[in-house]
There are 2 protein chains.
Amino acid sequence: MQNMNLSFSFIGAGNVATHLAQALKNKGHKIVQIYSRTTSSAKTLANKVDAAFTKDIDQISDQADVYIVALKDSVFNEVLSQLDLSNKLLVHCSGSLPLNVLMPYSRNIGVLYPLQTFSKNRELDFQKVPVFVEANNKKDLEILCALANTISNNVSRMDSEKRKSLHVAAVMACNFSNHFYAMAAEYLNSKEIAFDVLRPLIEETAQKVQELMPKDAQTGPAIRFDTNIIDKHLEALSEFPSYQNLYNSISQSIFEYHKEKQ
Amino acid sequence: MQNMNLSFSFIGAGNVATHLAQALKNKGHKIVQIYSRTTSSAKTLANKVDAAFTKDIDQISDQADVYIVALKDSVFNEVLSQLDLSNKLLVHCSGSLPLNVLMPYSRNIGVLYPLQTFSKNRELDFQKVPVFVEANNKKDLEILCALANTISNNVSRMDSEKRKSLHVAAVMACNFSNHFYAMAAEYLNSKEIAFDVLRPLIEETAQKVQELMPKDAQTGPAIRFDTNIIDKHLEALSEFPSYQNLYNSISQSIFEYHKEKQ
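Residues numbered from 1 in each chain as written. Chains lettered and ligands numbered in written order. Predicted model: local features only at pLDDT ≥ 70, side-chain atom pairs only at ≥ 80, totals over all residues. Heavy atoms only, no water.

Visitor: Would you take a moment to explain the overall build of chain A for this structure?
Guide: Of regular secondary structure, chain A possesses nine helices and eight strands. Oriented by its inertia axes, the alpha-carbon framework of chain A measures out at about 65 × 40 × 30 Å. For chain A, the residues scored as buried account for 60% of the 262 residues in total. Excluding contacts between residues fewer than 6 apart, the proportion of contacts in chain A whose partners are at least 24 apart in sequence is 52%. Computing the positive centroid from 27 side-chain charges and the negative centroid from 28, chain A places the two 5 Å apart. (Helix = DSSP H or I, 4+ residues; strand = E, 2+ residues; numbered from the N terminus. Buried < 20%, exposed > 50% of the residue type's maximum accessible area, 1.4 Å probe, protein only. Contact = heavy atoms within 4.5 Å. Lys, Arg positive; Asp, Glu negative; His and termini not counted. Charge placed at Lys NZ, Arg CZ, Asp CG, Glu CD.)

Structure (structure tokens):
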């Protein structure tokens, strides 16, 4: 199945499309065309994967076998309703959308959800990205599994309901963590301390839970709600009232969580 | 200065004491004695670093040159007020306590603050741990800098005020992030999904900010407050009302933060 001889077009040229298209191209798959509402995004990705590009919906080519939709959920239907892809394998990459959002647009539908935080200008090893696949029929599920296995060593099947749960958890573990890095950076900057000093701590915090479960890796004053420290920290955040509120509610949450676990 | 011929005793045998004592021992420093209120903690660490141990305050030996206090802030004064260490170099390891909390107890006082998340049963490379030192006189500051440089490649001087700010930032970047890993794990467990699937995402989230600033690494629905996704996630968390509240307030915070940055 390594040489599948399938060709791909991308509807969307954002972070997910950029990494997925490059991973496919790197493994020898043909990318026919990139569509994006902005020419520069379409062109940038098209150049990376040796594909044509367009910003016009009516110029989307019918020459690919598989159409990968990597659009924001909010414009999903607006774009797809203008296309006739009813004979194509139509695949989306969204954690939060169920498979059946594609039902109005094709008989052959699937999902290929790469669980990772993608930024356009950051390279990563796609082989290590967990990929979750789903399809509305056995043949396409096999095709998508085989396809995903050409770009990742970590492929699983997962239905829409579980995928939505996984997406919620991913937002908490990734997007929220990064926001606390950002808040810490902002606060340090106000005190003229370089963010650099936190980098080893951030790295080790993530490395610990590669082996431990997070509940066993927790450290810090909130576990026992050490008011000696927490009150000082709340006072230290007095110029950042919104951070103060979050500091307080998350410390409470940590305390409650660990009280229950004991 | 590599062979400093200083000997050390530890007041406290928790996570920080365990890692610091082992780092010192590994670099050839002599550890005289470990004190802890619980014999088993004192003994466990003493065995690791070839030292004596005691749980009795009045049995704390006067044979060491440097006494490293690694106690919870809440018992700090209770323990130190029972000792006479006025002729010793007395050092604490706390991010949140100023240097001068040691003033009642010795003429020669300092701080050696290792900025890392330490768990007893997890090994780490202490050479990469940022260590921040402070002292009340030039000679002891030089001694502590030289000492810290024997165990870490990342030693800086920092005063008490900045150290407190750094500690606040560390709690946000480390303890709070880990709590979101824990919440994600708990939620996934309730949906019968293994935490394993999130590990590559957590690792990459931390790796991204080793190079990027966190504001440039942020991804996810909250940046543009994508209500299509956020409302679904809030509904998906309906059985976890406390997580729902945090999800909402952090998403708001991410949105406000990125709106201001644009």
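Next comes the rest of the description.
Visitor: Got a minute to help me understand the sheet that holds strand S6 (residues 108-114) of chain B in this structure?
Guide: To summarise the sheet geometry, strands pair through backbone hydrogen bonds and adopt either a parallel or an antiparallel arrangement. All names here are of chain B. Taken in spatial order, the eight strands of this open sheet run S3-S2-S1-S4-S5-S6-S7-S8, and their pairing is mixed. Each edge of the sheet is formed by a strand with only one pairing partner; in this case those strands are strand S3 (52-54) and strand S8 (155-157). Sheet twist, expressed as the average angle between the axes of neighbouring strands with direction ignored, equals 25°. For S6 and strand S7 (residues 131-135), the ladder comprises five bridges, and the chain directions are antiparallel. (Pairing = 2+ DSSP bridges. Axes fitted to C-alpha atoms, helices over the stretch in contact; angles between N-to-C directions.)

Visitor: Whenever I open this one, the sheet that holds strand S8 (residues 155-157) of chain A confuses me. Can you help?
Guide: Residues and elements named next belong to chain A. One open sheet holds the eight strands; their spatial order is S3-S2-S1-S4-S5-S6-S7-S8, and the pairing between them is mixed. Strands at the two margins of the open sheet, each flanked by one partner only, are strand S3 (52-54) and S8. Each neighbouring strand pair of the sheet contributes to a mean axis angle of 25°, computed without reference to strand direction. When strand S1 (residues 7-11) meets strand S4 (residues 66-69), the two strands line up parallel, connected through four bridges. Looking at the pairing, Ile11 lines up with Val69 of S4. The strands touched by helix H1 (residues 15-26) within the sheet are S1, strand S2 (30-35), S4 and strand S6 (108-114), with S1 carrying the most contacts at an inclination of about 170°. On top of the sheet, helix H5 (residues 160-190) reaches strand S5 (89-92), S6 and strand S7 (131-135); it is set at about 25° to S6, its chief contact.

Visitor: Would you mind going over the relation of the copies chain B and chain A with me for this structure?
Guide: Note on the identical chains: chain B maps onto chain A by a rotation of 180° and an axial translation of 0.0 Å, with an RMSD of 0.0 Å. Such values leave the two copies arranged in the relation of a two-fold axis. Residue Ser177 of chain B of chain B places its C-alpha closer to the rotation axis than any other residue of that unit, at 2.3 Å. Mapped onto chain A, 99% of the interface residues of chain B again fall at the interface, so both copies present the same surface. (Least-squares fit on C-alpha atoms with pLDDT ≥ 70 in both.)

Visitor: I would appreciate a short explanation of the packing of aromatic side chains in the present structure.
Guide: The geometry of two aromatic rings is summed up by the distance between their centres and the angle between their planes. Scanning all chains against the criterion turns up 14 aromatic pairs over all chains. On the basis of an interplanar angle of 75° and a centroid distance of 5.5 Å, the ring pair of Tyr187 of chain B and Phe240 of chain B is categorised as edge-to-face. Of this pair, Tyr187 of chain B sits in helix H5 (residues 160-190) while Phe240 of chain B sits in the loop between helix H8 (227-236) and helix H9 (241-261), placing them 53 residues apart in sequence. Between Phe240 of chain B and Tyr243 of chain B, the aromatic rings sit 5.2 Å apart at their centres with planes inclined by 20°, giving stacked as the arrangement. An identical accessibility class is assigned to Phe240 of chain B and Tyr243 of chain B; each is buried. Among the aromatic residues, ring-to-ring pairing joins Phe176, Phe180 and Tyr247 of chain A together with Phe176, Phe180 and Tyr247 of chain B into one connected group. (Phe/Tyr/Trp six-rings, centres within 6.5 Å; stacked < 30°, edge-to-face > 60°.)

Visitor: Honestly, the pairing of strand S4 (residues 66-69) of chain B in this entry has me stumped. Any pointers?
Guide: The two faces of a sheet get side chains in turn, since along a regular strand they alternate between them. Residue and element names in this part refer to chain B. Both faces of S4 are covered, namely the face carrying Val66 and Ile68 and the face carrying Tyr67 and Val69. The pairing of S4 with strand S5 (residues 89-92) spans four bridges and is parallel. Paired with Val66 across the bridge in S5 is Leu89.

Visitor: Explanation requested: helix H2 (residues 39-49) of chain B in the structure shown.
Guide: In an α-helix, one turn spans 3.6 residues; hence positions three or four apart end up facing the same way. All names here are of chain B. Taken residue by residue, H2 has Ala42, Leu45, Ala46 and Val49 as its buried positions. Along the axis of H2, the buried residues cluster in a sector spanning 105°; they form a single face. Opposite the buried face of H2, at more than 90 degrees from it, the exposed residues are Ser40 and Asn47. Lining the buried residues of H2 we find helix H1 (15-26), strand S2 (30-35) and S3. One or two steps after H2, the chain reaches Asp50, where phi turns positive at roughly 60°. (Arc of directions from axis to C-beta.)

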